[in-house]
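# Coordinate analysis (summary)
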Amino acid sequence: MKKICILLILGIFAFNLAQAQQTRYLVFEFFKVESTQTYDFIEFKDFMDKVYRAAVNDKKIQGWDFWSLQSGADPSEFQYITITYFKDPVSMMNGLTEEDMVRYAMIANPHLTEMQVKQKFDDAIQSRDLAQRAYMQEIASTKDNFQLRPGILASFDLMKAVEGQFNEYEKAEKEVFLPIHQNRIEKGLMGSWSLLRTALPMGSEAKSTHLTMNIYKDYIQFFNAQEYEDMESTAEQRAAQEKGLKSRDQKFIYLATLENAIR
C-alpha cells in the first residue's frame, strides 16, 4: 500500500512538472525605427538572428520571433515586434544580460573581436527605440501542430479586463472563445490561438492585462476567417459570447507578418 502511495505521489509530481514545463513565458518588445535608419536596423536584425540562434542552442532561451507590423499602430509609434520565449518566469525576468549578448555574438561571429561586437550593439541603439516591453505568461491555447514560418500572419489583440471582472474574462476566453477558435482550426480557417496574461502585477491604470495571439498561414486564411460565421451556434452560446465581450475592453489589434522564427 505504501509503495502504491509513493508511486501515486511521484506520478502527480511528474504530471505537475510536465504541466509547468509546457507553460510558455514570452517577452514582447515593440521597436520604433526612423525611416533613415531602416537599412541599419535590418542589417542589425540579421546580426541578431545569429545571436539568438546561439542563445537557443545554449538553451538560454527557447526561441525568438521577428515580426513586421502591417497595421494597427501609427507608424511613428513602432513598426516591428520581437518575441523572446523563456522556459520559466525567473529566466524571463532575468532575460539576456549584456554579457550574454556579447558572448553569443562572438560565438555566432568568431571573426569579430569583443570590442567590435560591443560597437555593433552601441551602433544599434542609435538605429531603433524600444517603444514598449511586455512580460507575458501563456494561460490557454488551442490544440494544434501549427509550425511558425516566415510569411505567416498574426493578429496580436491587446485586452484589458474590466475592473472587478478579471476572473470572469479569463473564464470566458477559456470556456467560450477557446472552443470557437479550436473549431476554426479544425475547419482550416486558422492556424493557432493562445491567451496570455501579463506576468507582472498591474493596477487599474494598466493599458492592458491580456493578449491573444491569432495565427494564420496566409492572407487567404485570414480573410476567410474574418468572413466566417458559425451558423451552428445556439442562442445560449451567443449569449455567453456577448457576456464574455462585456468583461474586457479590446484596446488595440496589431496585424503583423513573421519575418523569422528561431527555435
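This text follows the structure it describes.
This text gives an overview of the structure that appears in the document. In this text the structure is predicted, and so the values were computed from the model without any measurement.

### Concerning the packing of aromatic side chains
Under the criterion given, the structure shown has 18 aromatic pairs. By the ring-pair criterion, three or more aromatic residues cluster together here, those being Phe31, Phe41, Tyr52, Trp64, Phe66 and Tyr80. Looking at Arg103, its charged tip hangs above the ring of Tyr104, at a distance of 4.6 Å from the centre. Note that Lys120 overlies the ring of Phe47, its terminal NZ or CZ placed 5.2 Å from the centroid.

### With respect to the packing of helix 4 (residues 98-108) against helix 5 (residues 114-127)
Between helix 4 and helix 5, the least distance of the axes is 10 Å, while the angle of their chain directions is 115 degrees. Where helix 4 crosses over helix 5, the two elements pack in a sense that is right-handed. Residue-level inspection shows Met101, Val102, Ala105 and Met106 of helix 4 in contact with helix 5, the latter providing Glu114, Val117, Lys118 and Phe121. Class assignment for the residues of the contact of helix 4 with helix 5 results in 6 nonpolar, no polar and 2 charged.

### Overview of the sheet that holds strand 3 (residues 80-86)
In spatial order, the strands read 1-3-2-8-5-7-6-4; together these 8 strands close into a barrel with antiparallel pairing. On average, each strand axis in the sheet is tilted by 35 degrees relative to the strand beside it, whichever way the strands run. With 7 bridges connecting them, strand 1 (residues 25-32) and strand 3 associate as antiparallel partners. When the bridges of strand 3 are listed, Glu29 appears paired with Thr82. Helix 2 (residues 38-57) contacts strand 1, strand 2 (63-71), strand 3 and strand 8 (248-262) of the sheet and is inclined by roughly 80 degrees relative to strand 8.

What counts, and at which threshold
Residue numbers run consecutively from 1 along every chain, following the written order of its sequence. pLDDT decides what is reported in this predicted model: residues at 70 or higher carry local features, side-chain atom pairs at 80 or more are listed and counted, and totals for whole chains, interfaces and linings draw on all residues regardless. The side-chain quantities take in all heavy atoms of the structure and omit both hydrogens and water. Only Phe, Tyr and Trp rings are paired, with Trp represented by its six-membered ring, and only when their centres lie within 6.5 Å; those with planes under 30 degrees apart are stacked, over 60 edge-to-face, the remainder tilted. Only lysine NZ and arginine CZ atoms are considered, and such an atom sits over a ring when it is within 6 Å of the ring centre and within 35 degrees of the ring normal. As a rule, the C-alpha atoms of each element are fitted with a line to give its axis, helices using only the stretch in contact, and angles between N-to-C directions run from 0 to 180 degrees. A run of DSSP states H or I qualifies as a helix once it reaches four residues; a run of E qualifies as a strand once it reaches two. Both are numbered from the N-terminal end. Each crossing gets its handedness from the near helix: less than a right angle anticlockwise from the far helix is left-handed, clockwise is right-handed. Throughout, a residue-residue contact means that at least one pair of heavy atoms, one from each residue, lies within 4.5 Å. Ten residue types, Ala, Val, Leu, Ile, Met, Phe, Trp, Tyr, Cys and Pro, are classed as nonpolar, four, Asp, Glu, Lys and Arg, as charged, and the remainder, Gly among them, as polar. Strand pairing requires that DSSP identify at least two bridges connecting the strands.

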